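Structural features, examined
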Amino acid sequence: MIKLEGINKTYFGAQPLHVLKGIDLNVEEGELVSIMGASGSGKSTLLNILGILDNYDEGNYYLAGKLVKNLTENQAAEFRNRFIGFIFQSFNLIPFKTAVENVALPLFYQGVSRKKRNQMALEFLDRFGLKGWADHYPNELSGGQKQRVSIARALVTSPKIILADEPTGALDSKTSIEVMRILREVNASGITMIIVTHERGIANLTNKIVHLKDGVIENIEENNVKSVDFERDIK
Amino acid sequence: MDFWSEIFMALRRNKLRTILTGFAISWGIFMLIILLSVGNGLKNGVNTNFADRAKNTYTIWSSETELPYKGHKANRWITLTDKDIEYLENHLYHVDEVSPVFSKGGTLIFEDKSKSVQVEGVKPIYKNIEGIKIKEGRFVNENDMKTKAKVVVIDKITAELIREKINSDKEMENPVKVRKTKRYKKNDVSILGQLVMINGINYTIVGVFEGQMWGSMGQCYAPYSTMQQIYNVNNKYYQLSFTTKGLVTKEDNENFRKELKRNLALLHEFSPDDQRGVWIDSSMLNALETNKIFNTINVFIWVIGIAMLISGVVGVTNIMRITVKERTFEIGIRKALGAKPRSILMSIVMEALIITTVFGYVGMFIGVGLMEIANKVLESVNAGKGPNDVAVFMNLSVDIKIVLMATIVLIISGVIAGIAPAWKAVNVKPIEAMNNRS
């Protein structure tokens, strides 16, 4: 599903910062992968490149068999809309839209009719137990509810992969478990998922842990999650 | 369709922002309309006050000399005589018809009513010279002149005073009948043929004229010959008025005035450099003078108007910039979710367009509406005024084309102001935009 070959990325600021120094990575369809690393290791940059939110300097990135390189803004938008679902640490819901409108937004950019997309959005909210909150604004929702809304939003377009940037970073541990359980369920339905985290407990709930350090992959750890581990592992 | 409802929703959900932007626009347009229409109203009002006068008339007043000249001492009173009239009529090509004017203040008495009036003894031609409009009856005629008839033409307000007196007399005579037929209408009673006494002499009213007097005194016209006889003026004149022909430009008039002064100086032996001796007044030169003032006022109004428009444009630009900056976060999310740059740019520009158009129209509507109400009020105020009063403002109006142009300028500047920051925001990386939470 994802194939990275020698990805290099340098930020040219006051001092050039070589963030990614040749990343090679393969993620198969349906995998649940976490990327771990200390802050400054380049994990967020890697996620941005995977999400086509940022471009890279060298190497090749294949997404679902297509080379993602030197895309125009329009092509990138199209890729993001069709293939990728994002989940952010700070939820990034639009404050002046209701839950259902937030979830329906990606479909708006696909040109789905209002009636159809609201209906689809409602189905996804229902799936995460938020049907009763559909007409509430983000500031009326709890952190866990907000993250579930943003998961619904990431899934509504039936993307090929879900990219989650510290999805539990702003949540308490109980809510974190709940969110991780949902993400695992989503993954179990066949959607490839990549989670960036700095928490070992969260990484332990994924099947493959990629350790990133100073812009290179240190090692890739296979991890066998048993459902029993679930509650205990999250600490 | 979906695109529009998305925009309207964004506008509805961000009421404060929408209203602030809109207010800047509405206010700009509103103030521009008020400014321009008040300027026009002032112009219309004052023009009407002057319009009653025939355009190109001259008046010569006799006066005292200021400089000694050819053996004459200073402060000598110059008297105008028939010789001057003869000279003006026969030797100056541009002079059309001359009327001497003899003014006398006095008291007009009708039964037990009295009023201060100014009586002017004039020739029939004076009607044309001053542009006097007759409302009832007639003006002084040649026959009056020949027979030295004791007739008088009075102003509307004085006529009203006399009419009321006649009406109340009738009510006294026959109170029952009057009550049944309500009141007599003012115009039912003719005052022509009534006798009035001015300074102890009885005159017959032959006409009523419509006109605007300055001050509260009444104004009457009597035949010049009559006045001459009564007041024993002989052939001395203090004021001569005449119409002119062939004087078109300002230059013509200025040259003519100089020539006239030179000739009169020669005739009456006072220094041509004397600032006094005779006063010469030209209605056309006066009018040009007034126009000059209006042109200055007009320029002033336009300068303020344009300054207002510029401040409106700056206001809109600023609000658009802030709006886009404020929305960077939202734009970032939308981009991450797959919004294409064009769609984001379009929605921002369209929002700006809708706000400026709608609120520009609102400002226009309120401005024009207020102007219309002010017009109605002015109309009733002006109607209530007697001929003694002057309408300062009249018919407030504004060229709707100018207003539309101003609105369009604001709309376009609002849109252009929105495009630059929107373009910047659209091209920012989604991640940076999303981190930029305000």
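Read on for a plain summary of the structure. The numbers attached to residues start from 1 for each chain and follow its sequence in the written order. All chains are assigned letters beginning with A, and all ligands numbers beginning with 1, in the order in which they are written. This being a predicted model, a pLDDT of at least 70 is required before a residue's local features are given, and a value of 80 or more before pairs of side-chain atoms are given or counted; all residues contribute to the totals for chains, interfaces and linings.

Here we look at the overall build of chain A
Helix and strand labels come from DSSP, where a helix needs a run of H or I of at least four residues and a strand needs a run of E of at least two; each type is numbered from the N terminus. Along its length, chain A carries eight helices and 10 strands. Neighbour density around each residue's C-beta defines its exposure: 20 or more other C-beta atoms within 10 Å make it buried, 12 or fewer make it exposed, and counts between make it partly exposed, where C-beta atoms are placed from the backbone. Here chain A, with 235 residues, has 46% of them falling under the buried criterion. Pairs at least 24 residues apart make up 68% of the contacts formed inside chain A by residues separated by at least 6 positions. Note on contacts: residues are paired as contacts if their backbone-placed C-beta atoms lie within 7 Å.

What to know about the environment of Ser63 of chain B
Residue and element names in this part refer to chain B. As for its position among the elements, Ser63 is in the loop between strand E1 (57-62) and helix H3 (82-91). By the C-beta count within 10 Å, which is 16 here, Ser63 ends up partly exposed. C-alpha separation for the pair Ser63 and Arg276, spaced 213 residues apart in sequence, amounts to 6.5 Å. Contacts of Ser63, omitting those with residues within four sequence positions, involve Ile78, Arg276, Gly277, Val278 and Trp279.

Details of the environment of Gly169 of chain A
The topology assignment puts Gly169 of chain A in the loop between strand E7 (161-165) and helix H6 (173-188). Taking the C-alpha atoms as reference points, Gly169 of chain A and His198 of chain A, 29 residues apart in sequence, are found 9.0 Å from one another.

Quick look at the packing of helix H3 (residues 99-108) of chain A against helix H5 (residues 143-155) of chain A
Residues and elements named next belong to chain A. Each axis is a line fitted through C-alpha atoms, and for a helix only the stretch in contact is used; angles between axes span 0 to 180 degrees, taken between their N-to-C directions. At a closest axis distance of 7 Å, the pairing of H3 and H5 adopts a crossing angle of 30°. As the angle between them shows, H3 and H5 are arranged roughly parallel. Where H3 crosses over H5, the two elements pack in a sense that is right-handed. Residues Ala99, Asn102, Val103, Leu105 and Pro106 of H3 touch H5, and the partners they reach there are Val149, Ala152 and Arg153. Each residue is assigned to one class: nonpolar for Ala, Val, Leu, Ile, Met, Phe, Trp, Tyr, Cys and Pro, charged for Asp, Glu, Lys and Arg, and polar for all the others, Gly among them. Here the residues of the contact of H3 with H5 sort into six nonpolar, one polar and one charged. For classification purposes, angles smaller than 35 degrees are called roughly parallel, those larger than 145 roughly antiparallel, those between 65 and 115 roughly perpendicular, and all remaining angles oblique. Should the near helix be turned counterclockwise from the far one by less than a right angle, the crossing is left-handed, whereas a clockwise turn marks it as right-handed.

So, to be careful, I would describe these as geometric facts and stop short of saying anything about function.
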